[in-house]
Amino acid sequence: AGDLEAKIGGKWLAVVGVLALILGVSFFLKYAFENNWIRPAGRVLIGVICGVILVAGGEWLRQRYLLYSQILSGGGIGVLYLSTYAAYGFYHLVPVPLAFLFMTVVTLAAGAISVLTNQAALVAIGIAGGFLTPLLLSSGQNTMLSYFSYGVLLDAGILGVSFYRNSRGLNLLGLAGTAILYATWYSRFYTVEQRWTAAMFLAAYFLIFLAATVAHNLAHRKKSESHDLILLGVNGFGFFLLLYGLFEGDRIGMSFTALGLAVLYFGLAVFAHEFNREDKNLALSLPGLSVTFLTIALGIMLEQSWLTMAWAVEAVVLVWLSFNLKQPFYRAFAAAISVLVLGRL
């Protein structure tokens, strides 16, 4: 009963109060705008001032009312994003570079506050706003280098926050935002001449999120969690599939790409085994990905009969690894591959 009372008084009513405040102010401003009491520049200025006041008020109340302060600060960040977009998209008061600069400053401010105060919700709002910035402020032109460079910087910031504050769930949000940025650009602007540049940026994104997945675990001797393993698999397979879409006809190049990923994951597995032997999840996932990409490489590279022999050798190697590492998982994986080999034979 005490817990329920605390939730009602300390959490639910706080949310209801903030929503009531936002709705009340919104209706007042709507009435003022419809009657032309306030001009467009004044409307944007009111939004900026309200956003700054909400963020400042949230930080002032953080020591005494943590949840309430997070709601206020997050709402303030959202209001600042909306005010900037209104100044550019609705009223055309500022040019694109200035609007982009202001949204970038808001994103950096949200990240800095979240790192200093350990507020994961606030940095999540900043990440979402950061990925929305190039979409909202798009000029309709193919500015590929600046577009993807901004994504690299944003993902590098997410890597820093997740490593420093162990907010690894934010990596999934960052990966989703990066995928949306790439898919939006690809559907509107991609041409074959740009595939090598796109591949280089995809490789940069892949390495950033790979580091975001394993760096904190290895540096701080922490065990992997479910979202770490999900990110590890989605990042690797997503990277390979996107590259395959760019270089679909290049069998040799894609086979060596899969082989390179297999070597990379195997090297990380050895590194993880040396520095964090307690993390069994990572110890199983990295070699599993290595073997999977090795199988993909062989499937792309070899003819049918040689592929069967390669899978047989792979099964033997897995059995040998399972006894040396004392991991029955590899034996089960080898058994599954052996069944495939027998079927093919």
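1. Let's talk about the packing of helix α9 (residues 226-246) against helix α10 (residues 251-275)
Next, step 1: Where α9 meets α10, the closest approach of the two axes is 10 Å, and the angle between their N-to-C directions is 160°. Between α9 and α10, the crossing angle belongs to the class labelled roughly antiparallel. Crossing of α9 against α10: the hand is right-handed. Here Leu232, Gly236, Phe239, Phe240, Leu243 and Tyr244 of α9 lie close against α10, whose contacting residues are Met254, Thr257, Ala258, Leu261 and Tyr265.
Next, step 2: Residues belonging to the contact of α9 with α10 are distributed by class as follows: nine nonpolar, two polar and no charged.

2. Regarding the packing of helix α7 (residues 169-189) against α9
Next, step 1: Orientation of α7 relative to α9, taken along the N-to-C sense of each, is 15°, at an axis distance of 10 Å. Here α7 is positioned roughly parallel relative to α9, judged by the angle of their axes. In this structure, the crossing between α7 and α9 has a hand that is left-handed. Of α9, the residues touching α7 (which contributes Gly169, Asn171, Leu172, Leu175, Tyr182 and Tyr186) are His227, Ile230, Leu231, Val234, Asn235, Leu242, Gly245 and Leu246.
Next, step 2: Broken down by class, the residue content of the contact of α7 with α9 amounts to nine nonpolar, five polar and no charged.

What counts and how
- Residues numbered from 1 in each chain as written.
- Predicted model: local features only at pLDDT ≥ 70, side-chain atom pairs only at ≥ 80, totals over all residues.
- Heavy atoms only, no water.
- Axes fitted to C-alpha atoms, helices over the stretch in contact; angles between N-to-C directions.
- Helix = DSSP H or I, 4+ residues; strand = E, 2+ residues; numbered from the N terminus.
- Parallel < 35°, antiparallel > 145°, perpendicular 65-115°, else oblique.
- Left-handed = near helix turned anticlockwise from the far one by under 90°.
- Contact = heavy atoms within 4.5 Å.
- Nonpolar A, V, L, I, M, F, W, Y, C, P; charged D, E, K, R; others polar.

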